[in-house]
Amino acid sequence: MSSLFKVKGGYLAHQVAKLCSKTLHSSSIFYLDMKKMQLLQLCAFFHVTVCSQIEEVAISPPGNEVFVLAGSAFQFTCACVGSCKTPQFSWTRATTDSDRIRTKNSTLKFSNVKIEDAGRYTCDAKCDGSSEKKLKSVKMTVYAFSQPLLVMPSILTENVACDVTCSVDAFDHVDSVHISWYLGSELLKDETQQTLDAANVSDTLTLTALREYTGKSLTCEVKADMRNNSKQVSYCLDIHYAPKINISASSSGMEEEEVVMSCRSDGNPTPTIEWERKGELWPKNLHRHEQGNVTGRLHRSNQGVYQCVAKNVVSEAKEEMKLEVQYGPANTSIQSFPLQAISYGVQLNLTCLSDMYPKAKQYIWTRIPDMALPKEAMVTNSHLIIDNFQEHHQGIYECRVIHHSGNTERAFYTASVQAEPESKVFTQMVGAVAGSLVSGITGGIVAGFMLAKWLK
């Protein structure tokens, strides 16, 4: 009877199991006739015999030949199809039995596949207590190629086109390679090249560097014969670009005020930043700091042209600014012409002088005490002119200077006619009398001489 159930395939086992199940559900155990009892005994025997059978062995990954990349981790998995609950597996390499391994999890693992691992491997499976084995073989072909190598320029400069080369060699069981270029996740280029009789294979990408590429990865990915396994090499891009300067500073300020001049640049690599005074030495009262800042308290001597200079390996940039320091008015005075005494009828020219920058916004001339200028006075900014000075022009003249900053300062000048001293009048009278006497004597002598000559 046992030979009846030792059959290949699962169809008969399935039909018998179906019949057994139907008999058990349709019959009471207390009212079984002889025929059904025999059938149940047959079912019990069939269960013990058939459930210990292995119908087929399968290997994953499937296929008669499996290509594996050298250096990768890989495993074969063996499984059985059938009713065996506790199968046992062993793996045998075709060349030698020394590699036989017994394992309950049915896997053959390679942590680092080598070229010498290539060959045909056979998995055999059997159930506990059974000597019957089922076999399955697979050929493992190991293919290899080197890690890709990137050759790049030492410096990538903005808007400059450059060639980048990706090369790979040391081929084994590889007929062609597929080279792909990526910028981040963006595919830039695909190229397939044959490796037959080639020492190495390379591909060149022409890349125009843009500053927004900084921080992105340029990747060369190599696949052999379009298989899933690949090797890649990446380079994090660092695009160099020239400095661009931005100055933040006030172009003018009042003397003694605090000043802050700031210079910034966005170049890559980060540029060095320096302040210079164009054509002159740097003033001691202004302090240069790192990061392009200048601080200090303004002095009038600080006026001039300043420039910020930013430098990196790409180039240098310069930006100029003119600094004006406002001050005054101070030391205000009135200069007169004539410088000494004023006489009637002369021209009086008064000039208001003051130390300040920039020039005064306004000059205001007045006369004290009546605060009204003579109608003959001509005023032009810092000048006051009276052409024919008379007695009623006398007085105290005031010049008030109004600066752009709002500061004001005054100066005064007393204009008066200076009388001639008595001694000078007496001297003039004596001179007149003496002149008359001399004139008379001289005239008498001349007359007597003429008369004597006539009498002869």
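In the block above lies the structure referred to throughout.
Quick caveat, the model's predicted, so the values are computed rather than measured.

Draft legend 1. Molecular detail of the side chain of Ser90. Its place among the elements puts Ser90 in strand S4 (residues 87–93). Assessed through its relative accessible area of 1%, Ser90 is described here as buried. Within polar-contact distance, the side chain of Ser90 engages the side chain of Asp124 at 2.7 Å.

Draft legend 2. Here's a closer look at the sheet that holds strand S14 (residues 200–208). Strand order in this open sheet of three strands is S9-S11-S14, and the pairing throughout is antiparallel. Two strands close off the open sheet at either side, each with one partner strand: strand S9 (149–151) and S14. Here the strands of the sheet are splayed against their neighbours by 20° on average, with no regard to which way each runs.

Draft legend 3. Seen up close, the sheet that holds strand S27 (residues 362–368). Strand order in the open sheet formed by three strands is S27-S30-S31, with antiparallel pairing between adjacent strands. Of all strands in the sheet, those with a lone pairing partner are S27 and strand S31 (408–415), marking the two edges. Between one strand axis and the next, the sheet turns by 20° as a mean value, whatever way the strands run. Taken together, the eight bridges between strand S30 (residues 395–402) and S31 define a ladder with antiparallel strand orientation. In the strand pairing of S31, Val401 is matched with Glu409.

Draft legend 4. Main features of the pattern of salt bridges. By the definition in use, this model includes eleven salt bridges. Here Arg277 and Glu280 are joined by a salt bridge, their closest N and O atoms 3.6 Å apart. Overall, Glu280 belongs to the partly exposed group, its relative accessible area being 44%. Among the ionic pairs, Asp355 bridges to Arg300, the shortest N-O distance being 2.9 Å.

Draft legend 5. Layout of a nonpolar patch on the surface. Residues Ile155, Val313 and Val314 make up a contiguous nonpolar surface patch of about 230 Å² in total accessible area. Examined against the element boundaries, Val314 turns out to sit in the loop between strand S24 (304–311) and strand S25 (316–337).

Draft legend 6. Local environment of the packing of aromatic side chains. A full pass over the atoms with the stated rule returns five aromatic pairs. Ring geometry for Phe76 versus Tyr121: centroids 6.3 Å apart, planes at 40°, classification tilted. Taken as a pair, Phe76 in strand S3 (residues 74–82) and Tyr121 in strand S7 (residues 119–127) lie far apart in primary sequence, 45 residues in all. Each of the two residues, Phe76 as well as Tyr121, counts as buried. Pairing Trp282 with Tyr306 gives two aromatic rings, centres 5.5 Å apart and planes at 85°, and the pair type is edge-to-face. In this pair, Trp282 is assigned in the loop between strand S21 (272–277) and strand S22 (286–288) and Tyr306 in strand S24, connecting sequence segments 24 residues apart. There is no split in this pair, since Trp282 and Tyr306 are both buried. Site record: aromatic cluster; members linked through ring pairs are Phe74, Phe76, Trp91, Phe110 and Tyr121. Seen from the ring of Tyr241, Arg211 lies directly overhead, with NZ or CZ sitting 3.9 Å from the centre. A cation sits over an aromatic face here: Lys231 above Phe145, 5.1 Å from the ring centre.

Draft legend 7. Focus on the nonpolar core. Phe145, Leu150, Trp181, Leu218, Cys220, Val222 and Leu237 are the most contacted members of the largest nonpolar core, which has 27 residues in total. Breaking this core down by element, the ones donating at least two residues are strand S11 (161–169), strand S12 (176–183), S14 and strand S15 (217–224). In terms of nonpolar packing, the next biggest core, distinct from the first, is built from 23 residues, Val66, Trp91, Phe110 and Met140 among them.

Draft legend 8. Representation of the state of the cysteines in the model. Within this structure, the stated rule accounts for five disulfides. Two residues share a disulfide in this structure: Cys352 and Cys399, whose sulfurs sit 2.0 Å from each other. Looking along the S-S bond of the Cys352-Cys399 disulfide, the torsion reads about -95°, which is the left-handed sense. Of the two residues, Cys352 sits in strand S26 (residues 348–357) while Cys399 sits in strand S30, which places them 47 residues apart along the sequence. Looking at Cys352, the relative accessible area reads 3%, which means it is buried. Residue classification places Cys399 among the buried positions, given a relative accessible area of 0%.

Thresholds, definitions, all that
Residues numbered from 1 in each chain as written. Predicted model: local features only at pLDDT ≥ 70, side-chain atom pairs only at ≥ 80, totals over all residues. Heavy atoms only, no water. Helix = DSSP H or I, 4+ residues; strand = E, 2+ residues; numbered from the N terminus. Buried < 20%, exposed > 50% of the residue type's maximum accessible area, 1.4 Å probe, protein only. Polar contact = N/O pair within 3.5 Å; in protein donor to acceptor, adjacent residues only side chain to side chain. Pairing = 2+ DSSP bridges. Axes fitted to C-alpha atoms, helices over the stretch in contact; angles between N-to-C directions. Salt bridge = Lys/Arg side-chain N within 4 Å of Asp/Glu carboxyl O. Patch = residues over 30% accessible without salt bridge, like charges linked within 9 Å, V, L, I, M, F, W, Y side chains within 5 Å. Areas by Shrake-Rupley, 256 points an atom, 1.4 Å probe, with all protein chains shown as cover. Phe/Tyr/Trp six-rings, centres within 6.5 Å; stacked < 30°, edge-to-face > 60°. Lys NZ or Arg CZ within 6 Å of the ring centre and 35° of its normal. Core = buried A, V, L, I, M, F, W, Y, C linked by side-chain atoms within 4.5 Å. Disulfide = S-S within 2.5 Å.

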